[in-house]
Amino acid sequence: MDKKPLVAITGASSGIGESTARAFSAAGHPLLLMARRLDRLKALNLPNAVLRQVDVRDRAAIAAAVADAEAEHGPVDMMFANAGIARLGDIAKQPAEDWDEMIDINVKGVMNTVHAVMNGMIERKQGTLVMMSSIAGRKVYPDHTVYCGTKFFVHAVSESLREYLAPHDVRVIVLSPGIIDTEVLDHVKDETTLANYKANKSAIGGGIPADIVGDLILNAYQLPQRALVQEIVITPTRQK
Ligand code: NDP
């Protein structure tokens, strides 16, 4: 049987990144898994997985991790730029450091991740970038001001990248989830914002499991390279 190509994921230590790692591992792919919590990557216990403690704010660290994994498993065929945080809160009251952190991770971190693999994909005329945006990259929500800004950025860059990379046969998929059950709320420090979010979530019957998202990404990836799912919007049915 042919060896499956290498798939790389940032933020693979929990939530949607972890679920996607499990889905691609079950489909037989070797993996490059990156996150800051190396213990959580190890605990996944997935075969053929190169694990690297990487902060996506560190462009050189992502490039080094990609080089290590490619030396072992061949070129990265899919990069999931997934790592992100949601420091939701009242824009006038939240510390400006929260804005910095979201912009550094959700914006610059995504660009650092794309940078590590884009030229290789262009040279090979083959590859898939999966860009983690959000339903909050399509419309705004209360107390999501800078978070929405970071995710609208991902939408804009992804659309531009899709047009730029199309003639090179490289696919760009934007992922726009609604409320998914992960550790994402652990980032929210503001108690009023957190209480409102939880009340809204409960009113629509809760979030949906992250496994569903991992399986969707796998399904989109497995289409022939000539076929592109440009955007995946996945929300709880009752979410507006
Ligand atoms: P989790 O908090 O479970 O996962 C976030 C992941 O990002 C973790 O693996 C974390 O790993 C990683 N991460 C955070 N900061 C960094 C960093 N500086 N460097 C490297 N890795 C980092 O939440 P989700 O799975 O929900 O979040 C994944 C993505 O999904 C995010 O971009 C989020 O904005 C997006 N999203 C989530 C939705 C939801 O409802 N859950 C809805 C829409 C979008 P570690 O801490 O080990 O570094």
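Bear in mind that the values here come from a model prediction, so they are computed numbers and not experimental data.

To continue, consider the overall build of the protein chain. What the protein chain contains, in helices and strands, is seven helices and nine strands. The C-alpha atoms of the protein chain give 17 Å as radius of gyration, which agrees with the globular expectation for 240 residues (18 Å, within 12%). The C-alpha extent of the protein chain, read off along each of the three principal axes, is 50 × 35 × 30 Å. Across the 240 residues in the protein chain, those meeting the buried criterion constitute 42%. For the protein chain, restricting intrachain contacts to residue pairs at least 6 apart in sequence, the fraction spanning at least 24 positions comes to 69%.

Next up on the list: the pairing of strand β5 (residues 128-132). Here β5 lies mainly inside the structure; five of its five residues are buried. Burial along β5 is two-sided: T128, V130 and M132 and L129 and M131, pointing in opposite directions, are all buried. Pairing of strand β4 (residues 76-81) with β5 involves four bridges; the strand directions are parallel. Paired with A81 across the strands is M131, a residue of β5.

The next subject is the site of the ligand. The immediate surroundings of the ligand are formed by 31 residues, with G11, G15, R36, R37 and G84 found nearest. Where the shell around the ligand is concerned, the elements lending two or more residues are α1 (15-26) and α4 (96-124). Tallied by class, the residues present in the shell around the ligand amount to 14 nonpolar, eleven polar and six charged.

Time to look at the UniProt feature "domain: Ketoreductase" (unreviewed entry) in the protein chain. UniProt tags residues 5-182 as "domain: Ketoreductase" (unreviewed entry). In residues 5-182, helix accounts for 47% and strand for 20%; the two terminal C-alpha atoms are 27 Å from one another.

On to unusual backbone geometry, then. The phi angle at N45 is positive, at roughly 55 degrees, despite the residue not being glycine. Secondary-structure assignment places N45 in the loop between α2 (38-44) and β3 (49-53). A count of 8 C-beta atoms within 10 Å places N45 in the exposed class. Of note in the backbone geometry, K125 takes a positive phi value of approximately 50 degrees without being a glycine.

Turning our eyes to something else, we now look at the confidence of the model for the protein chain. The predicted model of the protein chain has a mean per-residue pLDDT of 97, with 100% of residues at 70 or higher. The complex prediction reports pTM at 0.98, with the ipTM value standing at 0.99.

Let us look at the pairing of strand β2 (residues 31-35). Both faces of the sheet carry side chains from a regular strand, because those side chains alternate between them. Counting buried positions along β2 yields five of five residues, so the element is predominantly enclosed. Residues L31, L33 and A35 of β2 are buried on one face, and the alternating residues L32 and M34, pointing to the opposite face, are buried as well. Here strand β1 (residues 6-10) runs beside β2; their pairing, made up of four bridges, is parallel. Across the sheet, the residue bridging to V7 is L31, located in β2. For the handedness criterion, the β-α-β arrangement of β1, α1 and β2 is classed as right-handed.

Our next topic: the environment of A60. Tracing the sequence through the fold places A60 in helix α3 (residues 59-73). Among the residues examined, A60 registers 10 C-beta atoms within 10 Å and is labelled exposed. Residues A60 and L31 lie 29 residues apart in sequence; the distance between their C-alpha atoms is 19 Å.

What follows deals with the sheet that holds β1. Judged by pairing direction, the sheet is parallel, and its seven strands sit side by side in the order β3-β2-β1-β4-β5-β6-β9 without closing on themselves. Each of the sheet's edge strands pairs with one partner strand only, and the pair in question is β3 and β9 (231-234). Between one strand and the next, the sheet's axes are offset by a mean angle of 15 degrees, whatever the strand orientation. Note: β5 against strand β6 (residues 171-177), five bridges, orientation parallel. Of the residues in β6, the one forming a bridge with L129 is V172.

At their nearest, the axes of α1 and helix α7 (residues 210-222) sit 8 Å apart, and the two run at 50 degrees to each other. Classified by the interaxial angle, the pair formed by α1 and α7 is oblique. Judged by the sense of rotation from one axis to the other, the crossing of α1 with α7 is right-handed. In contact with G15, I16, S19, T20, R22, A23 and F24 of α1, α7 contributes A210, D211, V213, G214, D215, I217 and L218. Broken down by class, the residue content of the contact of α1 with α7 amounts to seven nonpolar, four polar and three charged.

Calculation rules
Residues numbered from 1 in each chain as written. Predicted model: local features only at pLDDT ≥ 70, side-chain atom pairs only at ≥ 80, totals over all residues. Helix = DSSP H or I, 4+ residues; strand = E, 2+ residues; numbered from the N terminus. Rg over C-alpha atoms; globule rule 2.2 N^0.38 Å. Buried ≥ 20, exposed ≤ 12 C-beta atoms within 10 Å, placed from the backbone. Contact = placed C-beta atoms within 7 Å. Pairing = 2+ DSSP bridges. Near = placed C-beta within 6 Å. Nonpolar A, V, L, I, M, F, W, Y, C, P; charged D, E, K, R; others polar. UniProt positions renumbered as here; feature names shortened; annotations may be inferred. pLDDT = per-residue confidence, 0-100. Right-handed = clockwise from strand over helix to strand, strands pointing away. Axes fitted to C-alpha atoms, helices over the stretch in contact; angles between N-to-C directions. Parallel < 35°, antiparallel > 145°, perpendicular 65-115°, else oblique. Left-handed = near helix turned anticlockwise from the far one by under 90°.

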